[in-house]
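Here's the letter readout for the chains.
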Amino acid sequence: MLARQRQELILDAVRTTGGARVSELVERLGVSDMTVRRDIEVLATRGLVTRVHGGATAAGSSVEEPGFAAKAGLHTAAKQAIATAAAALIEPGASVALSAGTTTHAVASVLLDIPRLTVVTNSLRVAEVLHESPRSDLTVVLTGGERTPSDALVGPVAVAALRRLHVDWLLMGVHGMDAEAGFTTPNLVEAETNRALVASARQVAVVADSSKWGVVGLSTIATLDEVDVVICDDGLDSDARKILDNSCGRLVLAA
């Protein structure tokens with residue numbers, strides 16, 4: 001297969017799902033890891049994709065926000081491992097806030113195994129998962145607000161609701177995480193709502209797969225040292241591990 005043919009297939013995969021991992025492309029194309037990385041670099045230089053740790057995402061600026069469907073099929077194994085590790089933090093009877101996102105959506109399903117929970121969320125998708133449970137000892141509080149492409153409820157209504165709440169844990173998904181920019185999102189209004197979520201919680205855990213490292217959205221939600229726990233998959237590179245180990249309260253790598 002010619003390089004141009006490979007690159008067209010990579011570009012098609014990225015555009016179809018919003019992103020692709022190097023390992024997935026290696027298996028699909030039947031070439032080496034290094035060949036795929038070179039092809040991604042060529043596409044990134046041409047402005048057709050954005051190179052991220054472990055793969056590539058659709059090209060875009062720091063203000064572009066992928067929809068829920070575009071992200072749902074990416075890194076599913078990593079998200080499930082992260083969700084299981086996140087649920088291990090939560091004790092029966094706790095109050096938990098969940099932000100919007102595909103990783104927190106995975107977390108919501110695992111939380112159904114923990115008794116007597118009160119869950120606060122600004123995510124329609126998360127609320128739907130929890131409301132489908134027949135359990136009578138689960139309380140779900142939906143903030144209200146305006147809907148974003150990622151199915152988050154944001155804005156002054158959401159912020160006003162959160163300012164009156166106090167939860168044991170916040171499990172928060174992010175668009176990107178970076179040594180300098182911290183934890184970010186491309187949506188200014190969602191950033192404000194997420195900051196209100198952070199302020200409502202006694203302890204904050206960020207749940208994000210390793211492809212989010214080095215990605216910077218328009219607005220910072222929190223700096224690295226404002227977060228108690230970061231839960232990521234074990235694909236995170238050694239430099240990123242050192243930075244998070246030294247900056248946040250604790251780094252948990254989910255296998």
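Going by the structure above, here's the rest.
Residues numbered from 1 in each chain as written. Predicted model: local features only at pLDDT ≥ 70, side-chain atom pairs only at ≥ 80, totals over all residues. Heavy atoms only, no water.

(A) Seen up close, the overall build of the protein. Along its length, the protein carries 10 helices and 15 strands. For the C-alpha atoms alone, the extent of the protein along its principal axes is close to 60 × 40 × 35 Å. The buried share of the protein, taken over its 255 residues, is 51%. Summing over all exposed atoms, the protein offers an accessible surface of approximately 11500 Å²; the carbon and sulfur share of this is 50%. Positive and negative side-chain charges of the protein, numbering 23 and 30 respectively, have mean locations separated by a distance of 3 Å. (Helix = DSSP H or I, 4+ residues; strand = E, 2+ residues; numbered from the N terminus. Buried < 20%, exposed > 50% of the residue type's maximum accessible area, 1.4 Å probe, protein only. Areas by Shrake-Rupley, 256 points an atom, 1.4 Å probe, with all protein chains shown as cover. Lys, Arg positive; Asp, Glu negative; His and termini not counted. Charge placed at Lys NZ, Arg CZ, Asp CG, Glu CD.)

(B) Broad picture of the nonpolar core. Ranked by internal contacts, the top residues of the largest apolar core, which has 32 residues, are I90, V96, L98, L111, L117, L171 and I231. The element contributing the most residues to this core is helix α5 (residues 76-87), with six residues. The residues contacting V96, other than those within four sequence positions of it, are I90, L111, L117, T118, V119, V120, V167, W169 and L171. (Core = buried A, V, L, I, M, F, W, Y, C linked by side-chain atoms within 4.5 Å. Contact = heavy atoms within 4.5 Å.)

(C) Seen up close, the packing of helix α2 (residues 22-29) against helix α3 (residues 33-45). Across the interface, α2 lies against α3 with an axial gap of 9 Å and an inter-helix angle of 110°. It follows from the interaxial angle that α2 and α3 lie roughly perpendicular. The hand of the α2/α3 crossing is right-handed. Residues V22, L25, V26 and L29 of α2 form the contact with α3, whose own contacting residues are D33, V36, R37 and I40. Tallied by class, residues from the contact of α2 with α3 come to six nonpolar, no polar and two charged. (Axes fitted to C-alpha atoms, helices over the stretch in contact; angles between N-to-C directions. Parallel < 35°, antiparallel > 145°, perpendicular 65-115°, else oblique. Left-handed = near helix turned anticlockwise from the far one by under 90°. Nonpolar A, V, L, I, M, F, W, Y, C, P; charged D, E, K, R; others polar.)

(D) Local environment of the pattern of salt bridges. Summed over all chains, the structure comprises seven salt bridges. Across the pair D39 and R6 runs a salt bridge whose closest N-O atoms are separated by 2.6 Å. One end of the pair, D39, is in helix α3; the other, R6, is in helix α1 (residues 3-17), and 33 residues separate them in sequence. Comparing D39 with R6, the two get one shared label, buried. A salt bridge links R135 to D137; its shortest N-O distance comes to 2.8 Å. D137 sits in the partly exposed class, given a relative accessible area of 29%. Among the charged side chains, a salt-bridge network with shared partners connects R125, R147 and D151. (Salt bridge = Lys/Arg side-chain N within 4 Å of Asp/Glu carboxyl O.)

(E) Looking closely at α3. An ideal rise of 1.5 Å per residue puts 18 Å on 13 residues; α3 measures up with 18 Å between its terminal C-alpha atoms. Every buried residue belonging to α3 is among T35, V36, D39, I40 and L43, and all of these are buried. For α3, the buried positions fall inside an angular range of 135° around the axis, keeping them on one side. (Expected span 1.5 Å × (residues − 1). Arc of directions from axis to C-beta.)

(F) Spotlight on the sheet that holds strand β5 (residues 118-121). Here we have seven strands laid out as an open sheet, ordered β6-β5-β4-β9-β12-β14-β15, and parallel in their pairing. Each edge of the open sheet carries a strand with a single partner, namely β6 (139-142) and β15 (250-254). Going across the sheet, the axis of each strand differs from the next one's by a mean of 20°, ignoring polarity. Both β5 and β6 contribute to a ladder of four bridges, which runs parallel. If you follow T118 over to β6, its bridge partner there is T139. Strand contacts of α5: β9 (167-172), β12 (201-207), β14 (229-233) and β15, with the helix running at about 145° to β14, the strand carrying the most contacts. Those strands touched by helix α6 (residues 102-111) are β4 (95-98), β9 and β12, and its axis lies near 150° from that of β4. (Pairing = 2+ DSSP bridges.)

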